[in-house]
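The primary structure of each chain is shown beneath.
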Amino acid sequence: MYGMLLESVQHFVQLEYGEDVWLQLLERADCKHMVFNTRQTYPDELMTNLAAALAECNGESVEDVMQFFGKCFVRFFSNLGYACMIKATGRYFCDFLQNVDNIHMQMRFTYPRMKSPSMYTTHVDPQGVVLVYRSTRKGFTHYLMGQLFQIAKELYETDLVIRVLGSSNNIPGSRSVMVKFRIDFDNREYIAKNNSMKTPLGRELAPVSISFLLRLFPFGVVINKDMKILGAGDKLLQAWGGSSSILNKHVTDVFKFRRPKGISFTWGNVMYLHSVMFELELVRLNDNDASSNSDNTPSTSSGLDRRGSQGARSILLKGQMRYIEDLKAIIFLCSPLINSLDELLNMGLYLNDLNPHGLSRELVLAGWQHCGRLEMMFERAEQRSTELENSYALLDRWKNKSDELLYSMIPQTVADRLRAGACPLSTCESFESISVLFCELCDFDYSTIEGAMDIVSSMNAVFSCFDSLMDEFNVYKVETVGRVYMAASGAPDRTENHAQNIADVSLQLLKHVRSLKLPSGVDIQIRIGIHSGPAVAGVVGIKVPRYCFFGDTVNTASRMQTTSLPGKVQISSDVKALLPPDRYYVESRGLVWVKGKGNMETYWLSDKVDTDGKSTEQQATKPEGLLVTDI
């Protein structure tokens, strides 16, 4: 069954019994679904299991609970607009009962996997009807009764009394359950309407021959009580095209019974379902090709793709079966179902073959025009889809560029917090220990414009080289001010190896500057200063926001740079204490006067590999037998 049936149960159980009771029902029914999807199918026994669980909770019988579930479904689909479709079937409740199968036939387009029951009336009187219900589902008799009670009360303002006259399971045919109901209600208006229609007109008209009627309906078929074909329209005979005539053949030898589903094609069922639309498929196979096609061509369930002896598609006929008292026969007043001009030609038919008085021709032409319009709409939709995809791709490229620009001004972790709605002040953090590096380009001459332009291009080349090294050593570039390059490690991403990261990148800066060949020929020298300690960092500014560092650690690192020498890395004692002694060569510079600090003991930092290489070269140049003591 579709989820809409279970949705109705969930909605009204929660509404009338509460959420806790519904959760108990799910647990007792061993239901794994917390939410039901309208167009998803679920096992049929889930409904009966929920009914048994609710009956156990409130002490009612399962039959009463199933009636309650049926009423819930009618109340639920009335809110979705399906009540208008039921009300449109006729003025009286009896009209609805005779058109239930037609409703299900239309609903199959929306719910193609729906296992709809079949219902028809076998007796109608002023006090009610006798209704026969056939279904493949067991245990839904009282569910149907609840639906009938609610529809009659809500849509037709009629009270019902329903009695079960008899039921049987595993009956011959595809339906496994058949129940006969006696439904008592005030049906006098419906009977009066039917009697008034049977009243003869003021002037009796001459009878019309069946041959003339078949000319009006060129695809019509006349069937006797033995279900043999007594007559057929000329277009149907022409479409058959076989070597033998279809007259006096059994109807099942010429047609495949398509709808209504679940019942056998018998005289009694046709008489009962006189208000239901029937669908028969004309399978065009002649005597000579029947055997060969049956051996070589596999049969299909739908029959729409099956080819006849002339290579044409089988024709699907849809119409109503009406009993003619004078002939003691049934006439099938039908028209072929055709969706397009291409399908019309594939069936071997033409427009002048269709009923001239009906809308068949207009519907085929309208379908062809609609098909053309749909193709144009589809092309436009494809064009718009392509434009939309290109716009999304362009938007994605611009987003990536904006992200790169944003991450160049603000660290990514901080930028993501601001995007999530965090206040800029919340990005301000205090760090117990970070390392800050200042690097200055030395000895530039600004005397001429041409020289200044060369310096700018040289600075851009050098700083671009520096930028490429920052991510490699987990160091964040803070800013460049003039000829000074500032970087930090340990913020905003905290790390215990911040001093080591800054030391490594500073030594790499020296190496890359020495090997850098600039087009302008300018000789670049840098001096670096490093200091470690506590600091505060956060986003500052609105129009051009920057992630800035504040505190004495920043000032001291700047002083380390200004008092350093070209080609040297000067570090403070705090940095020296954080560096591993076996990885770097640290040489004491002695006491250096620092503005705002006084005398500070500082150190030169160099790579131990380079230092060991120089020591080896010096050792090789010393004369043998001469003792040299390093001081």
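The preceding data block contains the structure.
The present account deals with the structure reproduced in this document. The structure displayed is predicted, hence computed values, not measured ones. (Residues numbered from 1 in each chain as written. Predicted model: local features only at pLDDT ≥ 70, side-chain atom pairs only at ≥ 80, totals over all residues. Heavy atoms only, no water.)

**Some thoughts on unusual backbone geometry**
No. 1: Here the bond from A491 into P492 is cis, since omega is 0°, no more than 30 degrees from zero.
No. 2: With respect to the secondary-structure elements, P492 resides in the loop between β13 (484–489) and α19 (498–515).
No. 3: Here K328, not a glycine, exhibits a phi torsion of approximately 55°, which is positive.
No. 4: On the secondary structure map, K328 appears in the loop between β9 (315–324) and β10 (329–336).
No. 5: Given the relative accessible area of 47%, K328 is considered partly exposed. (Helix = DSSP H or I, 4+ residues; strand = E, 2+ residues; numbered from the N terminus. Buried < 20%, exposed > 50% of the residue type's maximum accessible area, 1.4 Å probe, protein only.)

**Some points on the side chain of Q147**
No. 1: Tracing the chain through its elements places Q147 in helix α8 (residues 141–155).
No. 2: On the accessibility criterion, Q147 (16% relative accessible area) is buried.
No. 3: Excluding residues within four positions of it along the chain, Q147 makes contact with G70, K71, F73 and V74. (Contact = heavy atoms within 4.5 Å.)

**Some details on the packing of aromatic side chains**
No. 1: Counted under the stated rule, the structure contains 19 aromatic pairs.
No. 2: Between the aromatic rings of Y133 and F181, the centroid separation amounts to 6.4 Å while the plane-to-plane angle is 55°, which identifies the pairing as tilted. Highlighted residues: Y133 in strand β2 (residues 128–135) and F181 in strand β4 (residues 177–184), separated in sequence by 48 residues.
No. 3: Overall, Y133 belongs to the buried group, its relative accessible area being 4%.
No. 4: In this structure F181 comes out as buried when scored by relative accessible area, which is 0%.
No. 5: Between the aromatic rings of W267 and Y323, the centroid separation amounts to 6.0 Å while the plane-to-plane angle is 85°, which identifies the pairing as edge-to-face. (Phe/Tyr/Trp six-rings, centres within 6.5 Å; stacked < 30°, edge-to-face > 60°.)

**What to know about helix α1 (residues 3–16)**
No. 1: In a regular helix each residue adds 1.5 Å, so 14 residues correspond to 20 Å; α1 covers 20 Å between its end C-alpha atoms and thus fits that length.
No. 2: By the criterion of burial, α1 is predominantly enclosed, with ten of the 14 residues buried.
No. 3: Of all the positions in α1, only G3, M4, L5, L6, E7, S8, V9, Q10, F12 and V13 are classed as buried.
No. 4: Looking at the buried side of α1, the elements it contacts are α2 (19–28), α3 (45–58), α4 (62–79), α5 (82–87) and α8. (Expected span 1.5 Å × (residues − 1).)

**Looking at α4**
No. 1: An ideal rise of 1.5 Å per residue puts 26 Å on 18 residues; α4 measures up with 26 Å between its terminal C-alpha atoms.
No. 2: Among all positions of α4, only V65, M66, Q67, F68, F69, G70, C72, F73, V74, F76, F77 and S78 are buried.
No. 3: Tucked into the core, α4 has its buried residues touching α1, α3, α5 and α8.
No. 4: Looking one or two places after α4, you find G81, whose phi comes out positive at around 95°.

**A few points about the sheet that holds β2**
No. 1: The antiparallel open sheet is built from four strands, whose spatial order is β1-β2-β4-β3. One side of each edge strand has no neighbouring strand; the edge strands of this open sheet are β1 (118–125) and β3 (161–169). Within the sheet, the average angular offset between the axes of one strand and its neighbour, ignoring direction, is 20°.
No. 2: Relative to β4, β3 is paired through eight bridges, and the arrangement is antiparallel. Across the sheet, residue V164 finds its bridge partner in β4, namely F181.
No. 3: Contacts from α8 reach β1, β2, β3 and β4 within the one sheet, and its direction differs from that of β4 by about 30°. (Pairing = 2+ DSSP bridges. Axes fitted to C-alpha atoms, helices over the stretch in contact; angles between N-to-C directions.)

**A closer look at the environment of P126**
No. 1: Along the chain, P126 falls in the loop between β1 and β2.
No. 2: Taking the C-alpha atoms as reference points, P126 and A192, separated by 66 residues in sequence, lie 8.6 Å from one another.
No. 3: Not counting chain neighbours up to four residues away, the residues in contact with P126 comprise F185, D186, N187, R188 and I191.

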